[in-house]
Amino acid sequence: MARFVTVAAGQLGPIARTATRTEVVARLMALMREANGCGCDLIVYPELALTTFFPRWYFEDQAEIDSFFEREMPAAETQALFDLARELGIGFCLGYAELTVEAGIVRRYNTSILVDQSGTITLKYRKVHLPGHAEHEPWRKFQHLEKRYFEPGSGFDVASAFGGVMGMAICNDRRWSETYRVMGLQGVEMVMIGYNTPVHNPPAPEHDDLSLFHNHLVMQAGAYQNGTFVVGVAKAGLEEGVDHIGGSCIIGPSGEIIARCATKGDEIALARCDLDLCNSYKRTTFNFDVHRQPQTYGLIVERKGVTTMADGAAVKRE
Ligand code: CDT
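Chemist: Looking at this structure, I do not really get the site of the ligand. What am I missing?
Modeler: Taken together, 13 residues surround the ligand, and among them Lys127, Cys171, Asn172, Arg175 and Thr197 come closest. When the ligand sits alone it has 360 Å² of accessible area, and the protein chains cover 90% of it. Among the residues making up the shell around the ligand, the classes are represented as three nonpolar, five polar and five charged.

In structure tokens, the structure reads:
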């Protein structure tokens, strides 16, 4: 019996700083209804999908920072999305800023959840690779303060859901091959990735013209090298003066893009994914059991940064 998941990439256009949660949830619900009308089982939304991408600003007032965070999921404003999912029988993957208290300590994560067709959270993921910087850097046209506002999560779990093995990553995670391989080693068949990617990267403006190419490059490689579908979903367009890439797409285990959004606004792209197409890759070229040589990969977990050999002595590269 073939295992099909019809999935929608639920791309969002810009969210203004003044937009309320209720207004944003109404946009998410409109996309959900459209996906449901097209026969989708699942819709994937972007990273931090409930607010504007606030790490672009340096804030000193913690209360102002915390206004972008959710203390409960669902909460009063997000309950309607869960209710609609249950009513329609459609699942969703949603990114948001999570504030939680663990052993009396306040923690803040950049989080994504997978919700099944009954409206139940089946998997939670907290972003591991937090890009940007922790201190205010006024020379930049805009900030990228994820290292200040969030702490890193701790793993890439997968869950059995929608008839397959499902996993999540968030934005910058998609650039790291380790992200996909850790889930690949757990047999992942669909990786859902929301993102907010400014076209301009202040420390490396020479990459700006390549930002859309790099977006597809890393997700297509991750899909092929692990024999998995990847669903990459942008919050796109000109948000509070900062232009963000679109390029939301669904990628098959061949590494090919099989569906993509055409605009930088609210839009769905969808594909009927036969999860058994993963098998051909997982059983041949990327049969990990047969071909991997983990005894030679020790440096990947032992060493964080680059160390070079200069004059026979190990030198850490800055
Ligand atoms: N949101 C996010 O992770 N954005 C980063 C921007 C990188 S430049 C600091 C990304 O990898 O797309």
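Once you've had a look at it, read on.
Chemist: I'm lost on the pattern of salt bridges in this one. Help?
Modeler: Side-chain pairs of opposite charge can arise whenever the charged atoms involved come near each other. Tallied over the entire structure, the rule returns 19 salt bridges. With a closest N to O distance of 2.7 Å, Arg3 and Glu189 form a salt bridge. Residue Arg3 is found in the segment before strand S1 (4-11), and its partner Glu189 is found in the loop between helix H5 (177-184) and strand S8 (190-195); the two are separated by 186 residues along the sequence. Glu189 gets classed as buried once you look at its relative accessible area, which sits at 7%. The partner of Arg140 in a salt bridge is Glu137, and the shortest N-O contact between them spans 2.9 Å. When salt bridges that share partners are traced, they join Glu98, Glu102, Arg107, Lys124, Arg126 and Glu151 into one network.

Chemist: For this particular structure, what's the right way to read the nonpolar core?
Modeler: Inside soluble globular proteins, nonpolar side chains tend to come together where they are buried. One finds Val7, Leu42, Leu114, Met190, Met192 and Met219 to be the most contacted residues of the largest nonpolar core, which totals 46 residues. Setting aside anything within four residues of it in sequence, one finds Met192 in contact with Leu42, Val44, Cys93, Leu114, Met166, Gly167, Met168, Ala169 and Val231. Counting residues in each nonpolar core, the second largest holds 27 residues, with Ile15, Ala85, Leu94 and Ile113 among its members.

Chemist: What am I meant to see in a positive patch on the surface here?
Modeler: Taken together, the side chains of Lys147, Arg303, Lys304 and Lys316 make up a positively charged region of the molecular surface. Counting through the fold element by element, Lys147 comes out in helix H4 (residues 146-149). The class for Lys147 is partly exposed, based on a relative accessible area of 44%.

Chemist: Hey, could you run me through a nonpolar patch on the surface in this one?
Modeler: Side chains of Leu210, Phe213 and Leu217 sit close together on the surface and give an oily, nonpolar patch of about 270 Å² of accessible area. Its location among the elements puts Leu217 in helix H6 (residues 211-226). Since its relative accessible area comes to 42%, Leu217 is described here as partly exposed.

Reading guide: rules and limits
Residues numbered from 1 in each chain as written. Predicted model: local features only at pLDDT ≥ 70, side-chain atom pairs only at ≥ 80, totals over all residues. Heavy atoms only, no water. Near = heavy atom within 4 Å. Areas by Shrake-Rupley, 256 points an atom, 1.4 Å probe, with all protein chains shown as cover. Nonpolar A, V, L, I, M, F, W, Y, C, P; charged D, E, K, R; others polar. Salt bridge = Lys/Arg side-chain N within 4 Å of Asp/Glu carboxyl O. Helix = DSSP H or I, 4+ residues; strand = E, 2+ residues; numbered from the N terminus. Buried < 20%, exposed > 50% of the residue type's maximum accessible area, 1.4 Å probe, protein only. Core = buried A, V, L, I, M, F, W, Y, C linked by side-chain atoms within 4.5 Å. Contact = heavy atoms within 4.5 Å. Patch = residues over 30% accessible without salt bridge, like charges linked within 9 Å, V, L, I, M, F, W, Y side chains within 5 Å. Lys, Arg positive; Asp, Glu negative; His and termini not counted. Charge placed at Lys NZ, Arg CZ, Asp CG, Glu CD.

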